[in-house]
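# Close look at the chain arrangement
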Amino acid sequence: MAAAHRVSHEPAYVLHRYDWSESSLILEVFTRHHGRIALVAKGAKRPSSNFRPVLLPLQPLQLNYGGDAEIRTLKGAEWMGGHVMPTGEALLSGYYVNELLLRLLARDDAHEALFDAYAGVVQVLAGDHAEAQAATQAAALRAFELLLLRGVGLLPSLDTQTLTLEPLAARERYSLVPEAGLCQAAADEAALTGAEWQALQAILDDRAPFTATLREIATMNAGSNSALRNQLRALLNYHCGVSTLRTRQMMRDLQAL
């Protein structure tokens, strides 16, 4: 009989957790080398459990686990430190990013570059909540959305029209449409110029794409930022199969209050 597969010192983040029994939890985690996996944390709800203060979302962890079933068994967890828990709207933004990963990532499919981008966006969300930082957090979310869509094969090339393969004209306006990709925009559609899309495509190919894309988006004017947000949101909702993600609806409800 083959020995159960064991993984040690694996960088990871908890995306979601839910009750499995009176004392145990099932965890959905995003690992650097093995992608999204499910773990059972036995006894994690007991007051004396070493897991209890560690298994928190949006915190960098190092995990040991084993097993060959769909749900592996957590053997050890260590908090790696580095930043505090995001709060307020930044916390909801972190849950939004987690919801995207849960909906769009297949299990056991490694995405090391995307894991690094996730670590980057969490670091930004955990920063100072001043007004200037809020703009950086918004740019970080857009950068992560682009990298996630590209990582799972749902983002078309941003330097050509998708259906015709014609190059973009720098001053013309183009929209990113769920079923048609990048195409020439109607007058009333949210859109970016060809030059802006081409710049994003070039930045996505950078050796450090999250940081480079964040900086590029942060330099866009307010109108372009709003147009990019609306197009990415429509594309993500389409591929997630929902009209509005749960975390986005929560943010709207809280803002309304």
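Sequence order as written defines residue numbering, which begins from 1 separately in each chain. Only residues with pLDDT of 70 or above have their local features reported here, since the model is predicted, and side-chain atom pairs are shown and tallied only from 80 upward, although totals for entire chains, interfaces and linings are computed over all residues. Hydrogens and waters are ignored; side-chain quantities use all the structure's heavy atoms.

Only C-alpha atoms enter the line fits that serve as axes; for helices the fit covers just the stretch in contact. Angles between N-to-C directions range over 0 to 180 degrees. Think of it this way: any DSSP run of H or I at least four residues long counts as a helix, any run of E at least two long counts as a strand, and we number them from the N terminus. Axis separation between helix α4 (residues 194–204) and helix α5 (residues 209–218) bottoms out at 8 Å; the angle between their running directions is 160 degrees. In terms of their interaxial angle, α4 and α5 are classed as roughly antiparallel. Of the two possible hands of crossing, α4 and α5 adopt the one that is right-handed. Taken together, the residues of α5 that come into contact with α4 (itself represented by Ala199, Leu200, Ile203 and Leu204) are Pro209, Ala212, Thr213, Glu216 and Ile217. Think of it as three bins: nonpolar holds Ala, Val, Leu, Ile, Met, Phe, Trp, Tyr, Cys and Pro, charged holds Asp, Glu, Lys and Arg, and polar takes everything else, Gly as well. Looking at side-chain class alone, the contact of α4 with α5 contains 7 nonpolar, 1 polar and 1 charged residues. Any angle from 65 to 115 degrees is called roughly perpendicular, while one under 35 is roughly parallel, one over 145 is roughly antiparallel, and all others are oblique. Each crossing gets its handedness from the near helix: less than a right angle anticlockwise from the far helix is left-handed, clockwise is right-handed. Residues are treated as being in contact if the distance between any of their heavy atoms lies within 4.5 Å.

You can see Glu196 is positioned in helix α4. Residue exposure (1.4 Å probe, protein chains only): buried if accessible area is under 20% of the type maximum, exposed if over 50%, otherwise partly exposed. By relative accessible area, which is 18% here, Glu196 ends up buried. Between the C-alpha atom of Glu196 and that of Tyr174, which follows or precedes it by 22 residues, the distance is 9.6 Å. Among the polar contacts made by the side chain of Glu196, one reaches the main-chain amide nitrogen of Thr193 at a distance of 3.0 Å. The term polar contact refers here to a pair of N or O atoms within 3.5 Å; inside protein, the definition further demands a hydrogen-donor-capable atom paired with an acceptor-capable atom, and it admits residues adjacent in sequence only when both atoms are side-chain atoms.

With that settled, the discussion passes to the pairing of strand β3 (residues 35–41). The buried count for β3 comes to 7 of 7 residues, which makes it a mostly enclosed element. In this structure, strand β2 (residues 25–31) lies alongside β3, joined through 7 bridges in antiparallel fashion. Pairing of Leu27 across the sheet is with Leu39, part of β3. Joining the antiparallel neighbours β2 and β3 is a turn of 3 residues. A strand pair is defined by DSSP finding two or more bridges across the two strands. Note: β3 against strand β5 (residues 71–79), 3 bridges, orientation parallel.

Counting buried residues in β2 gives 7 out of 7 residues, a clear majority hidden from the surface. Across the two faces of β2 the burial is the same, with Leu25, Leu27, Val29 and Thr31 and Ile26, Glu28 and Phe30 all buried. When strand β1 (residues 6–19) meets β2, the two strands line up antiparallel, connected through 7 bridges. The residue of β2 that forms the bridge with Ala12 is Thr31. Linking β1 to β2, which pair antiparallel, is a turn of 5 residues.

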